[in-house]
Amino acid sequence: MSLQVFLQAQLLGSDEFLTAAPSAGDGMADLLGRGAWLNLICEVLPRALLADLKLSRMLLGSSSAEQFLLVLAEDDIARANEFLSRAAATIAQVSAGALRLVWATTENLGPWPAARKRLDDALLAAIAAPLAESADVDSVFRPYRAASESTSSPFSGFAEKLPSASSIGWNSGDPALLTLDTGQYSWLLRDPPAEDDAILFPRRFAVDDGGVHPASLVELAGRAGGTARWGILRGDVDHLDFQLRRAGSVEDHIHLSVLIKEFFAGELAVLCSLPEFWRKVTLLYRGGDDFIVLGAWDSLLLLTREIARLFEIFAQQNLESLPSLEGKTISMALAIAPEMDAPAATVLRDAGAALASAKAAEPGTFSVFGRILETKRLRDAEDLASSLLRLVREYGYSPGYIGDLASVYREAFSARAGRRVKAVRMEKPWRTYMRVSRVIPAPPTREAAGVRNAIVGGLTGARAGAWKLQPSARVALEWARLAAGTGAAGALE
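Everything in this summary refers to the structure shown in the same document. (Residues numbered from 1 in each chain as written. Predicted model: local features only at pLDDT ≥ 70, side-chain atom pairs only at ≥ 80, totals over all residues. Heavy atoms only, no water.)

1. What about the pattern of salt bridges?
Condition: Salt bridges are defined as contacts in which a side-chain nitrogen from Lys or Arg sits within 4 Å of a carboxyl oxygen from Asp or Glu. Think of it this way: any DSSP run of H or I at least four residues long counts as a helix, any run of E at least two long counts as a strand, and we number them from the N terminus. Per-residue accessibility, obtained with a 1.4 Å probe over protein chains only, is compared with the maximum for each type, and a residue is labelled buried under 20%, exposed over 50%, and partly exposed between these values.
Summed over the entire model, instances satisfying the criterion amount to 23 salt bridges. The partner of Arg204 in a salt bridge is Asp191, with the nearest N and O atoms 2.7 Å apart. One end of the pair, Arg204, is in the loop between β8 (199-200) and α7 (217-222); the other, Asp191, is in the loop between β7 (185-190) and β8, with 13 residues separating them in the sequence. With relative accessibility at 17%, the residue Arg204 sits in the buried group. For Asp191, a relative accessible area of 31% gives the class partly exposed. Here Asp380 and Arg377 are joined by a salt bridge, their closest N and O atoms 3.4 Å apart.

2. Re the sheet that holds strand β9 (residues 230-237)
Operational definition: Pairs of strands are assigned from DSSP output, requiring at least two bridges between the strands. The angle between two axes is taken between their N-to-C directions and runs from 0 to 180 degrees, where each axis is a line fitted to C-alpha atoms and a helix contributes only its stretch in contact. The contact definition used throughout considers only heavy atoms, calling two residues in contact when any of these lie within 4.5 Å.
In space, the six strands of this open sheet follow the order β10-β11-β9-β12-β13-β14, with mixed pairing throughout. Whereas interior strands pair on both sides, the edge strands pair on one side only; in this sheet they are β10 (281-286) and β14 (371-374). Direction aside, the axes of adjacent strands within the sheet are offset by 15° on average. Alignment of strand β13 (residues 365-368) against β14, held across four bridges, turns out to be antiparallel. What sits directly across from Val368, in β14, is Arg371. Packing of helix α9 (residues 250-273) onto the sheet brings it into contact with β9, β10, β11 (290-296) and β12 (330-336), and relative to β10 it is tilted by some 170°.

3. A look at the side chain of Ser324
Relative to the elements of secondary structure, Ser324 occurs in the loop between α10 (297-318) and β12. On the basis of relative accessibility, which here comes to 19%, the residue Ser324 falls in the buried class. Those residues in contact with Ser324 that sit more than four places away from it in its chain are Phe242, Gln243 and Arg246.

4. Here we look at the nonpolar core
Worth spelling out the cut-off: Take the buried residues of types Ala, Val, Leu, Ile, Met, Phe, Trp, Tyr and Cys, join any two whose side-chain atoms come within 4.5 Å, and each joined set is a nonpolar core.
With 69 residues, the main nonpolar core has Trp37, Leu101 and Ile168 as its most contacted residues. The element best represented in this core is helix α2 (residues 27-52), accounting for 14 residues. Beyond its immediate sequence surroundings of up to four residues, Leu101 is in contact with Ala9, Gln10, Leu11, Leu45, Leu84, Ala87, Ala88 and Ile91. In terms of nonpolar packing, the next biggest core, distinct from the first, is built from 65 residues, Leu244, Ala296, Ile336 and Leu391 among them.

5. Observations concerning helix α3 (residues 77-94)
Applied cut-off: Take the residue count of a helix, subtract one, and multiply by 1.5 Å to get its expected span.
Here α3 is 18 residues long and its end C-alpha atoms lie 25 Å apart, about the 26 Å a rise of 1.5 Å per residue gives. Those residues of α3 lying buried are Ile77, Ala80, Phe83, Leu84, Ala87, Ala88, Thr90, Ile91 and Ala92. At its buried positions, α3 is contacted by β1 (4-12), α2, β3 (67-73), β4 (100-107), β5 (167-171) and β6 (174-180). With its phi angle positive at about 55°, Ala96 sits one or two positions after the end of α3.

6. A short note on the packing of aromatic side chains
How two aromatic rings sit relative to each other is given by the distance of their centres and the angle of their planes. Our working rule: Aromatic pairs are defined between Phe, Tyr and Trp rings, using the six-membered ring for Trp, whenever the two ring centres lie within 6.5 Å; interplanar angles under 30 degrees are classed as stacked, those over 60 as edge-to-face, and all others as tilted. Should the NZ of a Lys or the CZ of an Arg lie within 6 Å of a ring centre and within 35 degrees of the ring normal, that charge is described as sitting over the ring.
Enumeration according to the criterion identifies 12 aromatic pairs in this entry. When the centroid spacing of 5.8 Å and the interplanar angle of 40° are considered together, the rings of Phe264 and Phe291 count as tilted. With Phe264 in helix α9 and Phe291 in strand β11, this residue pair connects regions lying 27 residues apart in the sequence. Per residue, the accessibility class of Phe264 equals that of Phe291, and both read buried. Pairing Phe311 with Phe314 gives two aromatic rings, centres 5.7 Å apart and planes at 40°, and the pair type is tilted. Taken together, the residues span about one helical turn, with Phe311 and Phe314 both in helix α10 at a distance of three residues. One exposure class covers both Phe311 and Phe314, and it is buried. Above the plane of the ring of Phe17 lies Arg34, whose end atom (NZ or CZ) is 4.9 Å from the centre.

7. Thoughts on the pairing of strand β2 (residues 60-64)
Taken across its five residues, β2 has four buried, putting it largely inside the fold. As defined by bridge partners, β2 adjoins β3 across four bridges and the pair is classed as antiparallel. Bridge pairing in β3 links Leu60 to Leu70.

8. As for the environment of Gln184
Note the following rule: Throughout this description, a polar contact denotes any pair of N or O atoms lying within 3.5 Å of each other; where both atoms belong to protein, one of them has to be capable of donating a hydrogen while the other can accept it, and for residues adjacent in sequence the pair is counted only when both atoms sit in side chains.
In this fold, Gln184 is placed in the loop between β6 and β7. Exposure remark for Gln184: the relative accessible area of 40% places this residue in the partly exposed category. For Gln184, the residues in contact, after removing those within four places along its chain, are Asp52, Trp170, Asn171 and Ser172. Among the polar contacts listed, one links the side chain of Gln184 to the backbone nitrogen of Ser172, at a separation of 2.9 Å.

9. Things to note about α2
Applied cut-off: A residue's bend is given by the angle between axes fitted to the 7 residues ending at it and the 7 residues starting at it.
Given a rise of 1.5 Å per residue, 26 residues ought to cover 38 Å, and the 35 Å separating the end C-alpha atoms of α2 matches this to within 8%. Most pronounced at Ile41, the bend in α2 amounts to some 35°. Taking burial as the measure, the 26 residues of α2 include 23 buried ones, the bulk of the element. Positive backbone phi, at 60°, marks Lys54, one or two positions downstream of α2.

10. What to know about the sheet that holds β7
Ordered in space as β6-β5-β7-β8, the four strands form an open sheet in which the pairing is mixed. Edge positions in the open sheet fall to β6 and β8, since each of these has one partner strand only. In this structure, β7 lies alongside β8, joined through two bridges in parallel fashion. Of the residues in β8, the one forming a bridge with Leu189 is Ile199.

Just distances and angles here, no functional claims.
Set out below in structure tokens:
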């Protein structure tokens, strides 16, 4: 009887691949196509490998964007290596060298933690020595044609057919070319819950006014309240890999992987379908533990709050037994385009850098408007922004007063841009009070005075004798400025 072997594969370079989208012309379609292709390639490849080797679908342990795990017989490893080598070469070609597929194998001997460590060590060795097993070393040094030099983008065409496609196909002649509704082998695309052989792939696109094609970035920006801007929201579960390494068995490893994957496939897709979001946000990418959504800036702020709330409930119900806090929080970052025609790839890079800063500062935080704050404080910022806007819309205050209030914060926070900070205590709080009083003079009505007092408390805290400048208030001021249509993102910096 042949020995069982684990095969673990990873796809590296996803950020470089996504941000290589052209900045003009069909850039939006190309980006949507890249996101969908990246989401599907590591779902299709292991299924195609099993089908090509005429093996059971039950041998697929877990799969998601950028990774998959298979259980094979020792006799099948040579053919699997040949299959993946061809796939790796074509993936590198179609991505202009941005993506790299690596894989490793180990025998199913000993406890799973030991087997997992052997897989990790072998993967690290493959990552560190990319030419070790290359059959044609010279081809590695041949330049790829950049996407911008191509006459047309293959990903743009992929995106055009995606909304109405019912299945995804694969052909052995071109392992990196995914086809819609055709192919040598094909699999249904389904929303969760899906049947065993279907691929979980919820499609959530904000459509144009004609109701046929995905809305452009300019159309998404026009649907925002106040200042017309679009943005990109990125999120990632904190340190999930730590919990996966601690799994006591391969069954626990697969269960946790599938659990997190189905949260994003289910809950995130449902959120994007709600009335307040469905015309304003497009789900660009959904990985095994991360996601990318683009849309109107104000809808993305509200979506952040809802994702954080749902993930907290999910973690309490499903992850409570995990022995530590790793994997139980999610960090997010929102980058807002400085102009409506800003390149999507540039904003995507900005969102990625902001997410990395948030994860480095503290798990479970949110980066927005150059600030990093605890996600639970986003509700405070939303309430304060609403109060600031009430003075403009209901009580006749000039929208410019929001910008005047921002000047109170510039000096205190100027040296801390991009970092998570605690509230800053004022050495002479009465001076802050006098400045705020001049900016927001007491209104004649009691109701308006109550709104004004709530704003002052939200900006500085409840204790007038020991006022502090609240980080969430800094976010609220920028939020209110954009909602009032008086400034562009980043104007407070």
